[in-house]
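Topology and contacts: notes
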Amino acid sequence: VRSRGLGDVYKRQRIWMSADHVEIFLAPGVAPEATEYPFYQLMVSPSGSQWDGYALDVAWNGEWEAAAAAGEGYWEAEVRIPLATLEGAAASTWRFNVARFRSLGREWGTWAPVEGGLQRPAGFGVLERR
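Along each chain, residues carry numbers from 1 onward, in the same order as the chain's sequence is written. Only residues with pLDDT of 70 or above have their local features reported here, since the model is predicted, and side-chain atom pairs are shown and tallied only from 80 upward, although totals for entire chains, interfaces and linings are computed over all residues. Hydrogens are left out, water is left out, and the side-chain values use all remaining heavy atoms of the structure.

**What about the overall build of the protein?**
The condition that has to hold: Only DSSP runs of H or I reaching four residues or more are called helices, and only runs of E reaching two or more are called strands; each is numbered from the N terminus. Think of it in three bands: with a 1.4 Å probe and only protein chains considered, a residue is buried below 20% of the maximum accessible area for its type, exposed above 50%, and partly exposed in between. Pairs of residues are marked as contacts when any of their non-hydrogen atoms sit within 4.5 Å. Per-residue and other accessible areas follow the Shrake-Rupley method at a 1.4 Å probe size, with only the shown protein chains counted as cover for residues.
From N to C terminus, the protein includes two helices and eight strands. Its helices and strands taken in sequence order, the protein reads α-α-β-β-β-β-β-β-β-β from the N to the C terminus. The burial tally for the protein puts 37% of its 130 residues in the buried class. Within the protein, residue pairs in contact and separated by at least 24 positions form 55% of the contacts whose partners lie at least 6 positions apart. When the accessible area of the protein is evaluated, it comes to approximately 7,700 Å², of which 50% is carbon and sulfur surface.

**Some remarks on the environment of Ala-66**
One can find Ala-66 in strand β4 (residues 65-71). Distance from Ala-66 to Ile-81, taken between C-alpha atoms, is 8.7 Å for residues 15 residues apart in sequence. Sequence-distant contacts of Ala-66, defined by excluding residues within four places in its chain, comprise Val-44, Gln-50, Glu-78 and Val-79.

**Structural notes on the pairing of strand β5 (residues 74-80)**
Stated formally: By definition, two strands form a pair when at least two bridges between them are found by DSSP.
In this structure, β4 lies alongside β5, joined through seven bridges in antiparallel fashion. Bridging across to β5, Glu-65 finds its partner in Arg-80.

**A look at the pattern of salt bridges**
As a reminder, the rule being used: Only one rule defines a salt bridge in this text: a Lys or Arg side-chain nitrogen within 4 Å of an Asp or Glu carboxyl oxygen.
All chains considered together, the criterion is met by three salt bridges. Across the pair Glu-65 and Arg-80 runs a salt bridge, and its minimum N-O distance is 3.4 Å. Of this pair, Glu-65 sits in strand β4 while Arg-80 sits in strand β5, and the two are 15 residues apart along the sequence. On the basis of relative accessible area, Glu-65 is assigned to the partly exposed category, the value being 48%. With a relative accessible area of 46%, Arg-80 lands in the partly exposed category. Among the salt bridges present, the one from Arg-130 reaches Glu-128, with a minimum N-O distance of 3.9 Å.

**Observations regarding the side chain of Gln-41**
What counts, and what does not: Pairs of N or O atoms are called polar contacts if they sit within 3.5 Å, as long as, within protein, a hydrogen donor faces a hydrogen acceptor (for residues adjacent in sequence, only side-chain-to-side-chain pairs).
By the secondary structure assignment, Gln-41 is in strand β2 (residues 40-44). Side chain to side chain, Gln-41 and Glu-23 meet in a polar contact 2.6 Å long.

**Structural notes on the side chain of Asp-57**
If you trace the backbone, Asp-57 turns up in the loop between β3 (50-54) and β4. Engagement of the side chain of Asp-57 in a polar contact is seen with the backbone nitrogen of Ala-59, the distance being 2.9 Å.

**Considering the pairing of strand β6 (residues 93-102)**
Counted residue by residue, β6 has seven buried out of ten residues, so it is predominantly covered. Examined bridge by bridge, β6 and strand β8 (residues 125-128) share four bridges and lie antiparallel to one another. If you follow Trp-94 over to β8, its bridge partner there is Leu-127. Here β6 hands over to strand β7 (residues 107-110) after four residues, with Gly-105 in that stretch at a positive phi of 90 degrees.

So this is what it looks like as structure tokens:
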């Protein structure tokens, strides 16, 4: 597996820099105190375009589905991620974040606040299954 730097990842996928989209970050089995770890990153646009990667490597192609619909002043997406496509998915603790990019005004919003860029796993939230 060849890993690429973050800059290379986005240079290859410029559409995501100028189009509305939602990003989902998943790291199954990662302890709450961890600050650096690999994670899955999934993106979907209002047109239903998809992109994914693992550990900032765009070569990973996961088995997941997304559908999107747009209306007057809004859009929505539904994402289905089979847990079998994610290594460690049976773990009870996951690191997680979700972000939305709005191209009009170049606005970012995230579920868990991150500083210095979205791919900063130290700022991801913690999900615990009980």
